Amino acid sequence: MLILGASSGIGGEVARQLIGMGWTVSVAARRELPLQSLKALAPSRVEYAVVDIMAEDAVSRLQELAERTGGIDLYIHAAGIGSQNRELALPIEESTVSTNAVGFTRAMNWAYHYFERQGGGHIAVISSIAGTKGLGPAPAYSATKAFQANYIEALEQLARQQGHAIRFTDIRPGFVDTPLLGENPTYPMLMSAKSVASSIIKALIREEDVKVIDWRYRILVFLWRLLPRWIWKRMRI
Ligand SMILES: NC(=O)c1ccc[n+]([C@@H]2O[C@H](COP(=O)([O-])OP(=O)(O)OC[C@H]3O[C@@H](n4cnc5c(N)ncnc54)[C@H](OP(=O)(O)O)[C@@H]3O)[C@@H](O)[C@H]2O)c1
């Protein structure tokens, strides 16, 4: 299995727990030091590669990493960026779209074709509950998370139509205490990366299609979906 975005936060914690469970794990991200620390946990079962999903060589590096362990049957896409942007600063909007939509599409394209050639596999994406609705404080972030959810829903249909045994899991956590939220985050219903990672691993083992984490966010998402647009646009998030 291979995780892109394993150098911190949710991806890092999923990697750590899977290594602890005895899995052979390949990890990738831009920062090498945290990847080296993961390898140090079980040197014979962990491989890593420095991959920037925005770089030209991203696909060849992912391919080489997957081959180094004799192939993979699970790809987890945990790479992403996000921040609130009420000022609508264009560089933030553009970099969010680049990483979470353009870079994400590149990774999905690689993973889909990899598993197509292999005759099957499992693709998991950490999207977010933020993709449920357009969120005023984070327009590009919420839009790119909706993009990710729709994209893998489309790939799931395509794989079925083309007769490929590729499974998909869309993981949608609420607020998780990771570097993405900044130092000392004060968000409501904040979850630890540890507990979220263990829910993710259970969802992967059960091959769930969509997993909203946790139950409180399942209720919240359900209620958000019921709200008509004229109420939603007046809400203070
Ligand atoms: N924290 C939350 O509240 C929350 C809630 C729902 C969903 N999520 C989603 O969960 C995913 C993981 O986020 P996190 O909260 O764990 O934040 P994080 O700790 O900042 O982790 C983000 C990961 O993405 C990697 N990454 C970023 N840009 C990359 C690039 N261009 N190429 C390759 N890797 C890249 C980072 O590694 P490098 O910097 O080393 O490249 C890091 O490993 C994100 O997609 C996020 O949207 C987070």
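Structure's up top.
Along each chain, residues carry numbers from 1 onward, in the same order as the chain's sequence is written. Restriction of local features to residues with pLDDT of at least 70 applies here, the model being predicted, together with a cutoff of 80 or more for giving and counting side-chain atom pairs; totals for whole chains, interfaces and linings are based on all residues. In computing side-chain values, all of the structure's heavy atoms are included and hydrogens and water are not.

### Details of the pattern of salt bridges
No. 1: Salt bridges are defined by distance alone: a side-chain nitrogen of Lys or Arg within 4 Å of a carboxyl oxygen of Asp or Glu. This model, assessed by the stated rule, comprises nine salt bridges.
No. 2: With its nearest N and O atoms 2.9 Å apart, the salt bridge here joins Arg68 to Glu47. Taken together, the residues Arg68 in helix H3 (residues 58-68) and Glu47 in strand S3 (residues 46-50) connect sequence positions 21 residues apart.
No. 3: In this structure, Glu208 engages Arg206 in a salt bridge whose closest nitrogen and oxygen atoms are separated by 2.9 Å.
No. 4: Linked by salt bridges that have partners in common, Lys39, Glu47, Glu64 and Arg68 make up one network. For the purposes of this entry, the term helix denotes a DSSP run of H or I that reaches at least four residues, the term strand denotes a run of E that reaches at least two, and both are numbered from the N terminus.

### A look at helix H7 (residues 215-226)
No. 1: Multiplying 1.5 Å by the residue count of a helix minus one yields the expected span of that helix. Here H7 spans 17 Å end to end across twelve residues, near enough to the 16 Å set by a 1.5 Å rise per residue.
No. 2: Only protein chains enter the area calculation, which uses a 1.4 Å probe; residues under 20% of their type maximum are buried, those over 50% are exposed, and those in between are partly exposed. Restricting attention to buried positions, one finds in H7 the residues Tyr217, Val221 and Trp224. One side of H7 carries all its buried residues, which in axial view fall inside an arc of 60 degrees. Facing away from the buried side of H7 by more than 90 degrees, the exposed set consists of Trp215, Phe222 and Leu226.
No. 3: The criterion used for residue contact is that any of the two residues' heavy atoms lie within 4.5 Å. Buried residues along H7 sit against strand S8 (191-192), strand S9 (210-213) and helix H8 (229-232). Working definition: the arc comes from the directions between the helix axis and the C-beta atoms, pointing outward to the latter.

### Points about the environment of Lys39
No. 1: With respect to the secondary-structure elements, Lys39 resides in helix H2 (residues 32-41).
No. 2: The sequence separation of Lys39 and Trp224 amounts to 185 residues, and the corresponding C-alpha distance is 41 Å.
No. 3: Leaving out residues up to four positions away in the same chain, Lys39 has contacts with Val46, Glu47 and Tyr48.

### Thoughts on a nonpolar patch on the surface
No. 1: Exposure above 30% relative accessible area and no salt bridge define the residues that can form patches, which grow by joining like charges within 9 Å and nonpolar side chains of Val, Leu, Ile, Met, Phe, Trp and Tyr within 5 Å. In short, Shrake-Rupley with a 1.4 Å probe defines the accessible areas, and a residue's cover is counted only from the protein chains shown. Among the surface-exposed residues, Trp215, Ile219, Phe222, Leu223 and Leu226 lie close enough to one another that they form a single nonpolar patch of about 570 Å² accessible area.
No. 2: Tracing the sequence through the fold places Leu223 in helix H7.

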